[in-house]
Amino acid sequence: MHIHRAERLWLGFGVAMLAVFLAVITTAAIVDGFVPPSHVQTIDPTKVSQTPPFDRPGLRRIGPGAYEAYYIARIFAFVPATITVPRDAHVTFFVTSGDVEHGFSIPETGVNTMVTPGWVSEVSHTFSTPGTFLLICNEYCGSGHQLMAAKVIVQ
Amino acid sequence: MTAARPSLPLSIAGGNLLALTHIYTATLVLGIGALFGMLQGFSRANLIVMPQAFDYYRMLTAHGVLMALVFTTFFITGLFTYCVYTTLLRVRSTTLGWTGYVVMLVGTVMAAVAILDGSASVLYTFYAPLKASPLFYFGATLLIAGTWFVAADLFLNVAIWKRANVGERVPLPAFLATCTMIMWIIATLGVVAEMALLIPWSLGWTPGIDVSLTRMLFWYFGHPLVYFWIMAAYTIWYTVVPSTYGGRIFSDALTRLAFIMLLLLSTPVGLHHQFLEPGIAPGWKWLHMVLTYGVVVPSFMTAFAIFASFEQAARKAGVRGFFQIVGWLPWKNPVFAGPALGMILFVFGGFGGIVNSSYSMDVLVHNTMWIVGHFHVTVGGPVALTFIGATYGLVPMLTGRTLFAPRLALVQVYLWFAGMAIMSVAMHWAGLLGAPRRASDVTYFGAQGAATWHGEMVWAATGGAIVAISVVLFIVVATGTFLADRRAVDAAPSFAFASTREDALATPPAFDRLTRWGMAAIVLALLAYAGPVTEQLTAHAYLAPGMRTW
């Protein structure tokens, strides 16, 4: 089948553009680890409060400048409600839900993950600027969804 | 190619009533949905507070379900019924078509009752374990089941026609309709499988639900749902829009090829809606990103074909030069202006879509207002404007009347375009600033991090109000066309299928073997989903009991 020369040029340009995007994203994934949060770990959603480490939600220092934060998302709040970390802290967040689907997002950082009951989500970030960051649920979870927020204070 | 005829055989006239009923139902649904949309905009901009009896999330569910599932579906089934009936001219019975309509309508009413009585504030994605009343799930299932009757009617007509016209190509509009409905059947199998899990759970027969599995089944359906809308809009762009400026279809073969690619690639891409989910290995997400990029190609082909058709017609009329050609196009005909304004919005919708499907980049925009902005410059812009423009062509055509207040119709499509543009720009921008979607209020007790969002919400509400004014005009014009009852005498057909240009190249016969392409699409969907679904099933995920959180 014959395809018009102008169309071949146009499609060639389009496909080349997509190939460049694909190459950049794939390289960033392999070289820099820019991979969307995809942690695979199950948990009984009816027993999150009894299951370690979520039986003691909160922040833990695991090394110099390195922290792990364990969160339980439940309608319509996060536990812990506030954590405080020093500037340049690298924080790995582990989040799970005790009821329905939630979101876990700190706007204007790369922290953004779904929180699915039955699974543990993992996402990490280095907080290089001091301030109070808003942590919100960004997936509809019920009538109080718009109230579901917490704070990350970077000193 | 068959142009619409002034006097139609009796069976076609019966088909006209069927198509018209679908399309006018869609018109009314669009009106209700848009008014809810406006109230949402006001609510999010803190201009009003919705009463407890009809709270924000109930309204948001109604808006999403009515727009994404009901308006679009009724319009498309009506449009495709028209495409098949008028180009094959061999319709024997409309019984299957009417059965489909009634089943769809009953399903819609059931789901609407569940939403209005507050037992189904689960939004249009109905993510488990939010637990709606069984009535909602039954209603949604019937809405889908009704479309299967319509599809069966269309497939049957095409099969009968093929037997009577051995060796001939199926007329292009009928081919595009059939191709899209095959894609739709494959896609809806996913949501029906999901319903088979949700309904017993909602009835209390099963203690819990595998949340991840239901989400995967939903998005197996959710993305091709988008392409269902887009393929219907493309059908109009390819076959009807050229007739509004005396043009021709650029290439029969390439049009069919684009639709075959859409049939193959619309389904195996759903995981790009689940990039940020735990429990799905990143490799599968990457695979679905690559396939999503593949589905961009037929859209590039469509863009080329549209502009090539513009240029060829303009040159034939002695018009040359980019601005001269743009100026020459019939911007005062709403049947052209609606789809054409939609195409402009789709440039932004398409590029935004590439961002969304770009794996790690999705982190920046996922579940923010950017996404809401995105689907308002896809389904809310190009698709809705195309359907609106087509309605202005179809209603006079199907009733034998002249369009009531054509100037009002013209004002209406431009208002929709302007309102949707203002609203979507504000939404995209709010999303980049981090504002979440799906929240009734984004002030977060005056938190510093949320300070920049409110201003954008006011702009979005302004755009939404303009769209709502526009939709009122739309209903006035569509309804007025029946009520004013002005018979069209010797009028040029307001909605006609263009013919292919004379020197277009032959279409390979293989393109017409839609059963085989459908089989190939199923194989591709199975290949793309076999891995992730197997992983979900073998993970032995804990079941979630579910609850009503509203």
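Starting from 1, residues in each chain are numbered consecutively following that chain's sequence as written. For this description, chains carry letters from A and ligands carry numbers from 1, given in the order in which they are written. In keeping with the predicted nature of the model, local features appear solely for residues at pLDDT of at least 70, side-chain atom pairs appear and are counted solely at 80 or more, and the whole-chain, interface and lining totals rest on all residues.

Caption draft 1: Main features of the overall build of chain B. In terms of regular secondary structure, chain B is built from 18 helices and zero strands. Relative to the 2.2 N^0.38 estimate, which gives 24 Å for 550 residues, the radius of gyration of chain B is 23 Å and therefore close to what a compact globule would have. The burial criterion counts other C-beta atoms lying within 10 Å of a residue's C-beta, which is placed from the backbone; the residue is buried at 20 or more, exposed at 12 or fewer, and partly exposed between these limits. Burial statistics for chain B: of 550 residues in total, 61% are counted as buried. Any pair of residues counts as being in contact when their C-beta atoms, constructed from backbone geometry, are within 7 Å of one another. Relative to all contacts within chain B whose residues are 6 or more apart in sequence, the contacts with residues 24 or more apart total 86%. In this description a helix means any DSSP run of H or I spanning at least four residues, a strand means any run of E spanning at least two, and both kinds are numbered starting from the N terminus. For a compact globule the rule gives 2.2 Å times the number of residues to the power 0.38, and the radius of gyration it is set against comes from C-alpha atoms.

Caption draft 2: Seen up close, the overall build of chain A. Summing up its helical and strand segments, chain A has one helix and 10 strands in all. Listing each helix as α and each strand as β along chain A from the N terminus yields α-β-β-β-β-β-β-β-β-β-β. For 155 residues, the compact-globule estimate of 2.2 N^0.38 gives 15 Å, and the C-alpha radius of gyration of chain A, at 20 Å, exceeds that figure by more than 25%. When its C-alpha atoms are laid out on the principal axes, chain A stretches across 65 × 35 × 30 Å. Sorting the 155 residues of chain A into buried and exposed places 39% on the buried side. Excluding contacts between residues fewer than 6 apart, the proportion of contacts in chain A whose partners are at least 24 apart in sequence is 57%.

Caption draft 3: Molecular detail of the interface of chain A and chain B. In this complex, chain A contributes 56 residues to the contact, which on the side of chain B involves 55 residues. By the convention adopted, Pro, Cys, Tyr, Trp, Phe, Met, Ile, Leu, Val and Ala count as nonpolar, Lys, Arg, Asp and Glu as charged, and the other residues, Gly among them, as polar. For the side of chain A that touches chain B, the class distribution of residues is 30 nonpolar, 20 polar and six charged.

Caption draft 4: Representation of the packing of helix H2 (residues 56–88) of chain B against helix H15 (residues 379–399) of chain B in the model. All names here are of chain B. Axis separation between H2 and H15 bottoms out at 11 Å; the angle between their running directions is 45°. Our classification of the angle between H2 and H15 gives oblique. Read as a crossing pair, H2 and H15 show a hand that is left-handed. Taken together, the residues of H15 that come into contact with H2 (itself represented by Ala68, Thr72, Phe75, Leu79 and Tyr82) are Val379, Val383, Phe387, Ala390 and Leu394. Lines fitted to the C-alpha atoms define the axes, with helices restricted to the stretch that makes contact. Angles between their N-to-C directions range from 0 to 180 degrees. Orientation categories follow fixed angle ranges, with anything under 35 degrees roughly parallel, anything over 145 roughly antiparallel, 65 to 115 roughly perpendicular, and all other angles oblique. For a crossing to be left-handed, the near helix must be turned anticlockwise from the far one by less than a right angle; the clockwise case is right-handed.

Caption draft 5: View of the nonpolar core. Residues and elements named next belong to chain B. What makes a nonpolar core is a set of buried Ala, Val, Leu, Ile, Met, Phe, Trp, Tyr and Cys residues, with links drawn between C-beta atoms within 7 Å. Core analysis: the largest hydrophobic core is formed by 236 residues, its most contacted members being Met183, Phe228 and Leu263. Sort the elements by how many residues they give to this core and H2 lands first, with 22 residues. Excluding residues within four positions of it along the chain, Phe228 makes contact with Ile76, Thr180, Met183, Trp184 and Ala187.

Caption draft 6: Region of interest: the confidence of the model for chain B. All names here are of chain B. As a per-residue measure, pLDDT reflects the predictor's confidence and takes values from 0 up to 100. Residues of chain B with pLDDT of at least 70 account for 97%, and the chain-wide mean is 93. Contacts for the low-pLDDT stretch residues 1–11, under 50 throughout, to residues beyond four places or in other chains number 23 contacts. Model confidence for the complex is summarised by a pTM of 0.96, with the ipTM given as 0.96.

Caption draft 7: Structural view of unusual backbone geometry. Here the residue pair Val79 of chain A and Pro80 of chain A is connected by a cis peptide bond, since its omega of 5° sits within 30 degrees of zero. Within the secondary structure, Pro80 of chain A is located in the loop between strand S3 (77–79) and strand S4 (82–85). That bond from Ala128 of chain B to Pro129 of chain B is cis: its omega, 5°, falls within 30 degrees of zero. Mapping Pro129 of chain B onto the fold places it in the loop between helix H3 (95–116) and helix H4 (134–164). Positive phi is not limited to glycine here, since Asp88 of chain A has a value of about 70°. Structurally, the position occupied by Asp88 of chain A is in the loop between S4 and strand S5 (89–97). The exposure class of Asp88 of chain A is exposed, given the 12 C-beta atoms found within 10 Å. One non-glycine residue with positive phi stands out, namely Phe126 of chain B, at about 35°.

Caption draft 8: Representation of the domain arrangement of chain A within the structure. As assigned here, chain A comprises domain 1 (1–35) and domain 2 (45–154). Distance from the C-alpha centre of domain 1 of chain A to the C-alpha centre of domain 2 of chain A: 36 Å. Domain limits in this description derive from either an automatic procedure or a database domain assignment.

Caption draft 9: The environment of Met181 of chain B, seen in detail. All names here are of chain B. Within the secondary structure layout, Met181 lies in helix H5 (residues 172–202). Sequence spacing of Met181 and Ala496 is 315 residues, and the spatial spacing of their C-alpha atoms is 21 Å. Beyond its immediate chain neighbours, meaning those up to four positions away, Met181 contacts Phe80, Ala151 and Leu154.

Caption draft 10: Highlighting H2 of chain B. All names here are of chain B. Between its first and last C-alpha atoms H2 spans 46 Å; for 33 residues at 1.5 Å apiece the expected length is 48 Å, and the two agree. Two axes enter the bend calculation: one fitted to the seven residues ending at the residue in question, the other to the seven starting there, and the bend is the angle between them. The sharpest bend along H2 measures roughly 40° and falls at Leu66. Burial within H2 is extensive, with 33 of its 33 residues counted as buried. In this scheme, a helix's expected span is set at 1.5 Å multiplied by one less than its residue total.

Caption draft 11: Geometry of the packing of H15 of chain B against helix H16 (residues 406–432) of chain B. Residues and elements named next belong to chain B. At their nearest, the axes of H15 and H16 sit 11 Å apart, and the two run at 175° to each other. By the angle between their axes, H15 is roughly antiparallel relative to H16. Taking contact as the criterion, the partners of Gly380, Gly381, Leu385, Ile388, Gly389 and Tyr392 in H15 are, on H16, Ala409, Val413, Trp416, Phe417 and Met420. Among the residues making up the contact of H15 with H16, the classes are represented as eight nonpolar, three polar and no charged.

Caption draft 12: Layout of the pairing of strand S6 (residues 102–106) of chain A. Residues and elements named next belong to chain A. Burial runs high along S6: five of the five residues are buried. Alternating residues of S6 divide into His102, Phe104 and Ile106 and Gly103 and Ser105, and every residue in both groups is buried. In this structure, S6 lies alongside strand S7 (residues 111–115), joined through five bridges in antiparallel fashion. What sits directly across from His102, in S7, is Val115. Counted along the chain from S6 to the antiparallel partner S7, the turn is four residues long, and its residue Glu108 has a positive phi close to 65°. Two strands are counted as paired when DSSP detects at least two bridges linking them.

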